[in-house]
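Inside the fold
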Amino acid sequence: VQDSDAARFAAKLQAVLHECKRVLKDDGLLVFTFHHSRDEGWKALAEAILGAGFVVVNAHPVRSEMSVATPKSQAKEPIQLDIILVCCKAEKQLAPLTISQARDSSRRKLRRLRESGFNLSKNDCRVVLLGSLLSTLNSKDRADDFSERIKTELAMEEAKEQHQDSALIAKA
C-alpha cells in the first residue's frame, strides 16, 4: 500500500489489515515489514493497525532489501533498516510495553546491530526506536497518542545527542 497523503495511506492500509483480521485465526499473528522517514507515515501506520483491531507485540529490525539502492546511498542519513512488525488481534494482547521498556529494547537492538558490524545512520536508529514505540500502544490508544510519543522520544534523543556533543567539545 502506498500513497503520498497520510490519511489516504492509513485508510488503504487499514482496509487491508481489516481483511487480514477477518481471515486470521484468533491466536494468529500478522507479520509485515515497514519503514518510513517521516513522522506522518508512522502515525498513519499506528492509525491503520489500531483501527483494524490489531496491536504490535514486537518489532525486529532487519537490513532492507534495497539498502544499497542509489537514492538511499546518496541520502544524507539513509535508512538501511526495515522493521518486522509482529501484531496480534487487540483482544488477545497481553500487557503492552511501557515507554521505558520500549526505549531499553530499542537500545539493546541497536547495540546488537552495531556489534554485528552495522554502520547505522540517525534515521536507522529512529526506525528502530519508532518500531519499539509501536509496542507501547494498546487497543484504547489513538494514533495521536503515538504521535505525541514520537515527538517526546525524538526530543529526548536529540537532547541526549546535543549533551554528548557538548561534552566532547568541552573535552577538546
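Each value, and the rule that gives it
- Residues numbered from 1 in each chain as written.
- Predicted model: local features only at pLDDT ≥ 70, side-chain atom pairs only at ≥ 80, totals over all residues.
- Heavy atoms only, no water.
- Salt bridge = Lys/Arg side-chain N within 4 Å of Asp/Glu carboxyl O.
- Helix = DSSP H or I, 4+ residues; strand = E, 2+ residues; numbered from the N terminus.
- Buried < 20%, exposed > 50% of the residue type's maximum accessible area, 1.4 Å probe, protein only.
- Polar contact = N/O pair within 3.5 Å; in protein donor to acceptor, adjacent residues only side chain to side chain.
- Contact = heavy atoms within 4.5 Å.
- Axes fitted to C-alpha atoms, helices over the stretch in contact; angles between N-to-C directions.
- Parallel < 35°, antiparallel > 145°, perpendicular 65-115°, else oblique.
- Left-handed = near helix turned anticlockwise from the far one by under 90°.
- Nonpolar A, V, L, I, M, F, W, Y, C, P; charged D, E, K, R; others polar.

**Observations concerning the pattern of salt bridges**
Under the criterion given, the structure shown has twelve salt bridges. Between Asp144 and Lys43 there is a salt bridge, with its nearest N and O atoms 2.7 Å apart. Separated by 101 residues along the polypeptide, Asp144 in helix H6 (residues 143-171) and Lys43 in helix H2 (residues 39-51) bring together distant segments of the chain. Across the pair Arg149 and Asp141 runs a salt bridge whose closest N-O atoms are separated by 3.6 Å. Taking the relative accessible area as the measure of exposure, Asp141 reaches 15% and is therefore buried. Bridged by salt links that share partners, the residues Lys43, Arg142, Asp144 and Asp145 form one connected network.

**Notes on the side chain of Ser121**
Summarising the element assignment, Ser121 is placed in the loop between helix H4 (99-115) and helix H5 (122-134). Looking at Ser121, its side chain comes within polar contact range of the main-chain oxygen of Pro78, at 2.5 Å. Within the structure, Ser121 has its side chain in polar contact with the backbone nitrogen of Asp124 (distance 3.0 Å). In this structure, Ser121 is in contact with Glu77, Pro78 and Ile79, ignoring residues within four places of it in sequence.

**Let's talk about the packing of H2 against H5**
Contact pair H2 / H5: the axes reach a minimum separation of 11 Å and the direction vectors enclose 25°. In terms of axis orientation, H2 runs roughly parallel to H5. Remark: the crossing between H2 and H5 carries right-handed chirality. When H2 is examined against H5, the residues Asp39, Trp42, Leu45 and Ala46 are found in contact with a partner set consisting of Arg126, Val127, Leu130, Gly131 and Leu134. The class makeup of the residues in the contact of H2 with H5 is six nonpolar, one polar and two charged.

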